[in-house]
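Listed below are the residues making up each chain.
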Amino acid sequence: MNLILNSDSYKYSHFAQYPPQTAAISAYIEARPGGVHDHVLFFGLQMFLKEYLSRQITMADVDEAQELIASHGLPFHRAGWELLVTRHGGRLPLLIEALPEGMVVPTGTPLVQVRNTDPDFFWLPTFMETAILRAVWYPSTVATVSYGARKIILASLERTCDDPMSVLPFRLHDFGARGTTSLEQAGIGGVAHLVSFLGTDTVSAIVNARKYYHEPMAGFSIPAAEHSTMTSWGEDRETEAYRNMLTQFAAPGKLVAVVSDSYDLYRAVKKIWGEELKAEVEASGGTLVVRPDSGDATRVPVDTVEMLGEIFGFSVNGKGYRVLNPAVRVIQGDGVTPETIRIILGRLEDHGWSAENIAFGMGAGLLQKVNRDTLRFAMKANARKDTDGNWHGINKNPKTDPGKASKRYRQAVVMENGRYLAVALKDLGERQNLLQPVWQDGTLMQDWTLTEIRARAATF
């Protein structure tokens, strides 16, 4: 974990590219307008600060980096890195300011701002861009996607359910661990999802919540079948496979999920669950969650709800929508995206069914099918301090793409007339700057809990 090597190749020559008499460089991170969402839920920087920036750089790190970078064909600023070890004990002389994690702000709002605190390290803030930007864009994007799905589900629950908030926390379940590129990605993205929901099958997410955000248990799951456990019984013993799930896991107040499409979903629901095992399902006192796992993701789960309604019956709630017998529910875990959630819930409403009859499992669409451009994240330098102590605003403003124009001068974020606004720090006046110091010269300045973050995002 050599922090010096956590950068892009071209960064190693940048120490020699800044103007003479440069004492400090400031840079900020934002999700630029024009992405998939118009608001962003800021989350995840604290994991990076604790896991990576808390590590002290050593002379052995400097030696390793010099050998590698020189062989790679680039200049290496050994004098600068040696000075960091001898003068600062290997701790980065940086001030990092950020919004409180969990805040939901319009795109175009600065989320993080970085500057050096020692004038000999003016080159360091932008050298760290690769690592810091990656630490922000990915968890914030996943948190925003999950939060967006939450709004879609909540809107449907508010129209069709008597007690939406009691149902909402478990309506979207994280199935994404196997679809990520690494254990670390699964943990980072998985805990970002847990800002908005309580359902997850990503164990590394609850590990990260405990390790970085002081949450003893951030999410929950239930016993569930997969195709290997069902098909191992053979098609001729499909009923026995399902009965075994009831025998092993069904109990009063408990839920058990059974994937039911290994051979013929419609036959499984109508004949096996609806005839052969119907009495056992009802007698268990628990809830069987039927999982259709193939076919048209916008049609098959709706068909499943309707079949279960015909078989097990339903009640009509105070808003006039049908609610399945508590013995059965449905979870759709294949092909789920925010758009398919919207379509499925819309079709259920059109057929008179409450959104509380179904939950969703989201995998790659939650943790993997995102990139830095999903929310147009960028980190850009916005100010330069000279050796006389004067700050000068700097920015990019390409005529070929005005949408990539960056902010000039060190930034502040204020609340004005009920809206979050970015303003130049020099123009802040008496207003409160919501960008707070979270890291300075090797010391963590804020240590948010997941409970605080969830409350700030108004998700729980």
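In what follows, the structure referred to is the one given above.
Calculation criteria
- Residues numbered from 1 in each chain as written.
- Predicted model: local features only at pLDDT ≥ 70, side-chain atom pairs only at ≥ 80, totals over all residues.
- Heavy atoms only, no water.
- Helix = DSSP H or I, 4+ residues; strand = E, 2+ residues; numbered from the N terminus.
- Buried < 20%, exposed > 50% of the residue type's maximum accessible area, 1.4 Å probe, protein only.
- Contact = heavy atoms within 4.5 Å.
- Phe/Tyr/Trp six-rings, centres within 6.5 Å; stacked < 30°, edge-to-face > 60°.
- Axes fitted to C-alpha atoms, helices over the stretch in contact; angles between N-to-C directions.
- Parallel < 35°, antiparallel > 145°, perpendicular 65-115°, else oblique.
- Left-handed = near helix turned anticlockwise from the far one by under 90°.
- Core = buried A, V, L, I, M, F, W, Y, C linked by side-chain atoms within 4.5 Å.
- Polar contact = N/O pair within 3.5 Å; in protein donor to acceptor, adjacent residues only side chain to side chain.
- Pairing = 2+ DSSP bridges.

(A) Quick look at the environment of Arg456. Within the fold, Arg456 resides in helix H16 (residues 450-456). Looking at Arg456, the relative accessible area reads 30%, which means it is partly exposed. The spacing of Arg456 and Gly179 is 277 residues in sequence and 29 Å in space, taken between C-alpha atoms. Setting aside anything within four residues of it in sequence, one finds Arg456 in contact with Pro100, Glu101, Gly102, Met103 and Trp448.

(B) Representation of the packing of aromatic side chains in the model. In this structure the tally under the stated criterion is 12 aromatic pairs. When the ring of Trp81 is compared with that of Trp123, the centres are 5.1 Å apart and the planes differ by 70°; the resulting orientation is edge-to-face. Within this pair, whereas Trp81 is found in helix H3 (residues 78-88), its partner Trp123 is found in the loop between strand S5 (112-116) and helix H4 (124-127), the two being separated by 42 residues in sequence. This pair shows no difference in class: Trp81 is buried, exactly as Trp123 is.

(C) Seen up close, the packing of helix H11 (residues 265-276) against helix H13 (residues 300-312). Axis separation between H11 and H13 bottoms out at 10 Å; the angle between their running directions is 20°. One element, H11, and the other, H13, form an angle in the roughly parallel class. Crossing of H11 against H13: the hand is right-handed. On H13, the residues touching Leu265, Tyr266, Val269, Lys270, Trp273 and Gly274 of H11 are Val300, Asp303, Thr304, Met307, Leu308, Ile311 and Phe312.

(D) Looking closely at the nonpolar core. Formed by 126 residues in total, the largest nonpolar core has its most connected members in Phe43, Trp81 and Met128. Per-element accounting of this core gives the leading share, 16 residues, to helix H5 (residues 129-160). Met128 has contacts with Leu3, Phe48, Leu53, Leu92 and Leu94, leaving out every residue within four places of it along the chain.

(E) Region of interest: the environment of Asn433. Positionally, Asn433 belongs in the loop between strand S17 (419-424) and strand S18 (436-440). Spatially, the C-alpha atoms of Asn433 and Leu49 are 21 Å apart, while their sequence positions differ by 384 residues. Discounting residues that sit within four places of it in the chain, Asn433 has contacts with Gln411, Ala412, Val413, Leu425 and Leu428. At a separation of 3.1 Å, a polar atom in the side chain of Asn433 contacts the main-chain amide nitrogen of Val413. One polar contact links the side chain of Asn433 to the main-chain amide nitrogen of Leu435, over a distance of 3.0 Å.

(F) Inspection of the sheet that holds strand S8 (residues 255-259) at higher detail. If you trace the six strands from one edge of the open sheet to the other, you get S7-S6-S13-S12-S9-S8, paired in parallel fashion. Lying at the two open borders of the sheet, with one neighbouring strand each, are strand S7 (199-200) and S8. Note: S8 against strand S9 (residues 287-291), five bridges, orientation parallel. By the bridge assignment, Val258 is partnered in S9 with Val290.

(G) Quick look at the pairing of strand S16 (residues 411-416). Summarising the sheet, S16 and S17 pair through six bridges and their orientation is antiparallel. Opposite Met415, over in S17, you have Tyr420 as the bridge partner. Counting the residues in the hairpin turn of S16 and S17 gives two residues, including Asn417, whose phi is positive at 55°.

Geometry only, nothing functional implied.
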